[in-house]
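Given next are the chains, with one letter for each unit.
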Amino acid sequence: MKNLTEMTDEELAMAYINGSNAAFDLLLQRTKNGVFSYILVIVHNEEVANDIFQETYIKAIAYMQKGRYSATGKFSAWLIRIAHNVIMDAYRRQKHIYTVDQGEY
């Protein structure tokens, strides 16, 4: 078996699914800067970016634990897609907060 540091991101994800928490730690270390940067560029707010970043990884962990990840593509692209969806969900929630019923005049 390969040393964790020699594994690709996809191999690390599969190792995590198979029970290696150390594999996820390394995967997080490798991907966190790119994912956070992507989120921050879109939302322009560090506090919001931190929240979305955390939600992204929570969802990724849940998906992997449910067997909803397959190593058919790049792990980082899969993670960015999750981040994008979390951002869109956040914008939808925010839109509902600021929606005002104009009623009839």
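Now for a description of the structure that goes with this document. Here the structure is a predicted model, which is why all the values come from computation and not from measurement. (Residues numbered from 1 in each chain as written. Predicted model: local features only at pLDDT ≥ 70, side-chain atom pairs only at ≥ 80, totals over all residues. Heavy atoms only, no water.)

Topic: helix α3 (residues 46–65)
Piece 1. The terminal C-alpha atoms of α3 lie 29 Å apart, and with 20 residues this matches the ideal 28 Å at 1.5 Å per residue to within 8%.
Piece 2. Listed in full, the buried residues belonging to α3 are Ala 49, Ile 52, Phe 53, Thr 56, Tyr 57, Ala 60 and Met 64. Viewed along the axis of α3, the buried residues span an arc of 135°, placing them on a single side of the element. Facing away from the buried side of α3 by over 90 degrees, the exposed positions are Glu 47, Gln 54, Ile 58 and Gln 65.
Piece 3. Sitting at the amino-terminal end of α3 is Asn 45, which places a side-chain oxygen 2.9 Å from the backbone nitrogen of Glu 47.
Piece 4. Of the residues one or two after α3, Gly 67 is the one with positive phi, at around 80°. (Helix = DSSP H or I, 4+ residues; strand = E, 2+ residues; numbered from the N terminus. Expected span 1.5 Å × (residues − 1). Buried < 20%, exposed > 50% of the residue type's maximum accessible area, 1.4 Å probe, protein only. Arc of directions from axis to C-beta. Polar contact = N/O pair within 3.5 Å; in protein donor to acceptor, adjacent residues only side chain to side chain.)

In short, shape yes, function no, at least from these values alone.
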